[in-house]
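# Coordinate inspection notes
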Amino acid sequence: MTGAVGGSSTFHGSPTTTNANCSAYVMRLNGSTGAMEYLAIGPGSGGGSHFVPHDITQGKDGLIHVGGSFMGTVSIGGTSIIASNGEDLFVLSLSSTLNLRKLSSASGHHDQIMSSIAADAYGGVVISGTYQDELLFTGHTIQGSDGQDNAFVAFAEFGDHAPNPNNPAEFTSQAVCRGSTTDLTNWMAPMVHGHATGVI
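The present account deals with the structure reproduced in this document. (Residues numbered from 1 in each chain as written. Predicted model: local features only at pLDDT ≥ 70, side-chain atom pairs only at ≥ 80, totals over all residues. Heavy atoms only, no water.)

### Description of the overall build of the protein
Within the protein, the secondary structure is distributed over two helices and 16 strands. Among the 200 residues that make up the protein, the fraction classed as buried is 37%. For the protein, the proportion of contacts with a sequence separation of at least 24, taken over those separated by at least 6, is 48%. (Helix = DSSP H or I, 4+ residues; strand = E, 2+ residues; numbered from the N terminus. Buried < 20%, exposed > 50% of the residue type's maximum accessible area, 1.4 Å probe, protein only. Contact = heavy atoms within 4.5 Å.)

So, in structure tokens, the structure goes:
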């Protein structure tokens, strides 16, 4: 689970103090007992910093991906990011034991807000949200209307694009299409195997 907490919070009886208005946390609980197994805290560097997760998902090899928005300077696992102007968006990747694997951000003029994140079993990560004027990813710039909210969907790859050999994911399009008047057989049938993270 993930979320944001204030300057002083208690997790399962263990007080945790940060020096920011909103600090990000990611917590793993035992599925049987509810006991806290792992906790990662991402504080800001001062009172004006905000580190607010909006969504969480699990991807290849059990990696946990968290996305949200931040202001000021925030850090987690010894890595810091600095917002350029207003709210910027971030993507945080952690191991199954909540050790930091990667912390990335995207900036631009005005605000960039990340709304949702999804991942597949092949290393793909997709985020969506809104931005004003422009959105700057590493090596890519998306232009929009100045002063207006613009929508975006962005795809990134974490590691090699391949399934986890210990946990392959396969589907057949007939299972997806059964009972529907629309035949998706030719659209969704891969040559060997594939993976779907969601159907709308």
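### Quick look at the sheet that holds strand β1 (residues 2–5)
The antiparallel open sheet is built from three strands, whose spatial order is β1-β4-β5. Strand pairing shows two members of the sheet lacking a second neighbour, β1 and β5 (36–42), which therefore form its edges. Pairwise comparison of adjacent strand axes, ignoring direction, gives a mean angle of 30° for this sheet. Across four bridges, β1 lies against strand β4 (residues 23–29) in antiparallel orientation. Across the sheet, residue Ala-4 finds its bridge partner in β4, namely Ala-24. (Pairing = 2+ DSSP bridges. Axes fitted to C-alpha atoms, helices over the stretch in contact; angles between N-to-C directions.)

### Describing the side chain of His-65
Mapping His-65 onto the fold places it in strand β7 (residues 64–71). At 2.8 Å, the side chain of His-65 and the side chain of Ser-93 are in polar contact. With residues near it in sequence (within four places) discarded, His-65 still touches Asp-55, Ile-56, Thr-57, Gly-59, Leu-92, Ser-93, Ile-117, Ala-119, Val-125 and Phe-158. (Polar contact = N/O pair within 3.5 Å; in protein donor to acceptor, adjacent residues only side chain to side chain.)

### A short note on the environment of Ser-45
With respect to the helices and strands, Ser-45 occurs in the loop between β5 and β6 (50–58). Through-space distance from the C-alpha of Ser-45 to that of Thr-73 is 5.6 Å; in sequence the pair is 28 residues apart.

### Considering the layout of surface pockets
If you add up the space inside the largest pocket, you get close to 490 Å³. Along the wall of the largest pocket there are 19 residues; nearest its centre are Val-91, Ser-104, Phe-137, Phe-155 and Ala-156. Elements that contribute at least two residues to the lining of the largest pocket include exactly β10 (88–94), β11 (100–106), β13 (124–131), β15 (140–143) and β16 (150–157). Taken together, the residues of the lining of the largest pocket break down into 11 nonpolar, six polar and two charged. Considered as a void within the structure, the second largest pocket measures approximately 160 Å³ in volume. Forming the walls of the second largest pocket are Met-1, Val-26, Met-27, Arg-28, Ile-56, Thr-57, Gln-58, Gly-62, Ile-64, Ser-96 and Leu-98. Those elements that place two or more of their residues in the lining of the second largest pocket are β4 and β6. (1 Å grid on protein atoms, 1.4 Å probe; cavity = no way out; pocket = protein on both sides within 12 Å on 5 of 7 lines; lining within 4 Å. Points joined across faces, edges and corners; volume = space filled by probe spheres on them. Nonpolar A, V, L, I, M, F, W, Y, C, P; charged D, E, K, R; others polar.)

### Examining the nonpolar core
Core analysis: the biggest nonpolar cluster contains 16 residues, and Phe-51, Phe-70, Phe-90, Leu-92 and Leu-103 have the highest contact counts within it. Mapped onto this core, the elements with two or more residues apiece are β4, β7, β8 (73–76) and β10. For Leu-92, the contacting residues outside a window of four places in its chain are Val-26, Ile-64, His-65, Val-66, Ile-76, Leu-100, Lys-102 and Leu-103. (Core = buried A, V, L, I, M, F, W, Y, C linked by side-chain atoms within 4.5 Å.)

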